[in-house]
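Chain by chain, the residues run as shown.
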Protein chains: 2
Amino acid sequence: MSAQTKGGSRRRTPLTRGRVLKTAVRRADEGGIDSLSMRKLGQELGVEAMALYYHFANKDDLIDGMVDLVFAEIELPHSGDQWRSAMRQRAIAVCDALLRHRWAIGLMESRRRPGPANLRHHNSVIGTLRAGGFDIAMAAHAYSLLDSYIYGFALTKLNLPFDTADDVAEVAQSMLEPFPRDEYPNMVEILTDHVMKPGYDYGEEFEYGLDLILDGLERVRGAA
Amino acid sequence: MSAQTKGGSRRRTPLTRGRVLKTAVRRADEGGIDSLSMRKLGQELGVEAMALYYHFANKDDLIDGMVDLVFAEIELPHSGDQWRSAMRQRAIAVCDALLRHRWAIGLMESRRRPGPANLRHHNSVIGTLRAGGFDIAMAAHAYSLLDSYIYGFALTKLNLPFDTADDVAEVAQSMLEPFPRDEYPNMVEILTDHVMKPGYDYGEEFEYGLDLILDGLERVRGAA
DNA sequence: ACCTGAACACCGTTCAAGT
DNA sequence: ACCTGAACACCGTTCAAGT
């Protein structure tokens, strides 16, 4: 019944934290975090769920490791980069990583035991801002603002009840259907004259807002 | 054993959607969304879990109702308000509501069947922007930017691994503990010279970023 | 050292049945 | 009309036991 009893090889490559984590991330990417149960993960690795508890203290320990894998995917600014282009690139890289790993959005900021990639990331971003002329308090402002925007955008985009452009029309239609015409005229207008137009892509909003924020940061940096 | 068999009253006030929703929101506020199981909710209402399925199609239907209750708590701009003060007030009101109902953060934007309070909210915000001189595309930009920031800030604040100022020092300490000194100097600096200072409150970052964004929106509005 | 089996205390949901 | 009991297919985790 299990993978081991079939064929010649009785024992596969043994479990390691790294192999478990890679499989766990793939599973969560594909099926969502709710599909990542210890039992199913074990099954995918050809092992009983309980074997995982030999390598991880508990599910939270597993998630700590998964989050650090996501941080490791994000390219860091090189020292010497201009703060603005570095922050722009990094914002896009973080957003992309979150869109690849939607399950990670609420988890990236909450680690009590951040891994090395996590700490390297924060250290590098703060260093780039400080080198770009931001004092400590302003670097904190900038980091908070940028990360709130990045995480919020990814959260919003992934939670929108439609994925493709085709979906949009259908969903928008059925959202307003139960209500009398003319009850929400501004909603109707923006949906029909903007959102449902061909070529609309919510994803494009990201860089508009990002550049507006970077403009603002440039201004307060100059004023200090 | 059950509440009904004890004392005189055999049947309590019967279930209604409204009463179930109010109880569900309170439970989720207090114990988190994971503590909101159909069984526990039933128990709190003096009823078997299965009774809830008479009033709600499934758990998602329940959550649709809970989300609309949160939207209903958020005061809307009055028509005639200046766009900037209206957007500022509304951003603070949304952020406060999300901090009161942390379980709602990922759910507010994802309803395929938005309730009336949800639609009224969106309709009102878009209307205020349009009346303030934003054309359709710019109103869409502004709304996306503001909501990404608001939801992202609430998400980040609630996910930070510390709540109180006392926590901060302890958590910061233990985060860096497993690593060699001087490995993350910028992290150490900002933690010790800023975050761990008395009077630090991450919550105060919200209005700084909000005003920077509103300044930016004012500028692009003027340019159009 | 590394993994399993059985068990415990949970989930959401369906469905036939009760009042 | 409104609710219950039993059942199904799941969870995370513990612990003693196997190899």
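Residues numbered from 1 in each chain as written. Chains lettered and ligands numbered in written order. Predicted model: local features only at pLDDT ≥ 70, side-chain atom pairs only at ≥ 80, totals over all residues. Heavy atoms only, no water.

*Asks:* Honestly, the pattern of salt bridges in this entry has me stumped. Any pointers?
*Replies:* When charged atoms on two side chains of opposite charge get close, those side chains can pair. Residues and elements named next belong to chain A. Tallied over the full model, the rule gives 22 salt bridges over all chains. The partner of Glu 73 in a salt bridge is Arg 100, with the nearest N and O atoms 3.0 Å apart. Highlighted residues: Glu 73 in helix α4 (residues 59-73) and Arg 100 in helix α5 (residues 83-100), separated in sequence by 27 residues. Residue class for Glu 73 comes out partly exposed when judged on its relative accessible area of 39%. Look at Arg 100 and you get partly exposed, because its relative accessible area is 43%. What emerges from the salt-bridge pattern is a single network uniting Arg 26, Arg 27 and Glu 44. (Salt bridge = Lys/Arg side-chain N within 4 Å of Asp/Glu carboxyl O. Helix = DSSP H or I, 4+ residues; strand = E, 2+ residues; numbered from the N terminus. Buried < 20%, exposed > 50% of the residue type's maximum accessible area, 1.4 Å probe, protein only.)

*Asks:* Honestly, the packing of aromatic side chains in this entry has me stumped. Any pointers?
*Replies:* Working definition: an aromatic ring pair is given by the centre-to-centre distance plus the angle between the planes. Residues and elements named next belong to chain A. Counted under the stated rule, the structure contains 12 aromatic pairs over all chains. Plain terms: the ring middles of Phe 153 and Phe 206 are 5.0 Å apart, the flat faces sit at 50 degrees to each other, and that makes the pair tilted. Of the two residues, Phe 153 is situated in helix α7 (residues 136-159) and Phe 206 in helix α10 (residues 205-223); the sequence distance between them amounts to 53 residues. For the pair Phe 153 and Phe 206, a shared accessibility class is recorded, and that class is buried. An aromatic cluster is built from Tyr 149, Phe 153, Tyr 202 and Phe 206, whose rings are joined through pairwise contacts. (Phe/Tyr/Trp six-rings, centres within 6.5 Å; stacked < 30°, edge-to-face > 60°.)

*Asks:* What is the right way to read the protein's contact with DNA strand D from this model?
*Replies:* Looking at DNA strand D, there are 17 residues lining it, with A:Arg39, A:Lys40, A:Tyr53, B:Glu48 and B:His55 nearest. Across the atoms of DNA strand D situated within 4 Å of the protein, the share located in sugar and phosphate is 60%. A distance of 3.1 Å separates a phosphate oxygen of DNA strand D from a polar side-chain atom of A:Ser37. Contact between DNA strand D and A:Tyr53: a phosphate oxygen at 2.8 Å from a side-chain N or O atom of the residue. Ranked by the residues each element gives to the surface near DNA strand D, the list is headed by helix α2 (residues 38-44) of chain A, at three residues. Here the surface near DNA strand D is built from residues that sort into nine nonpolar, four polar and four charged. (Near = heavy atom within 4 Å. Polar contact = N/O pair within 3.5 Å; in protein donor to acceptor, adjacent residues only side chain to side chain. Nonpolar A, V, L, I, M, F, W, Y, C, P; charged D, E, K, R; others polar.)

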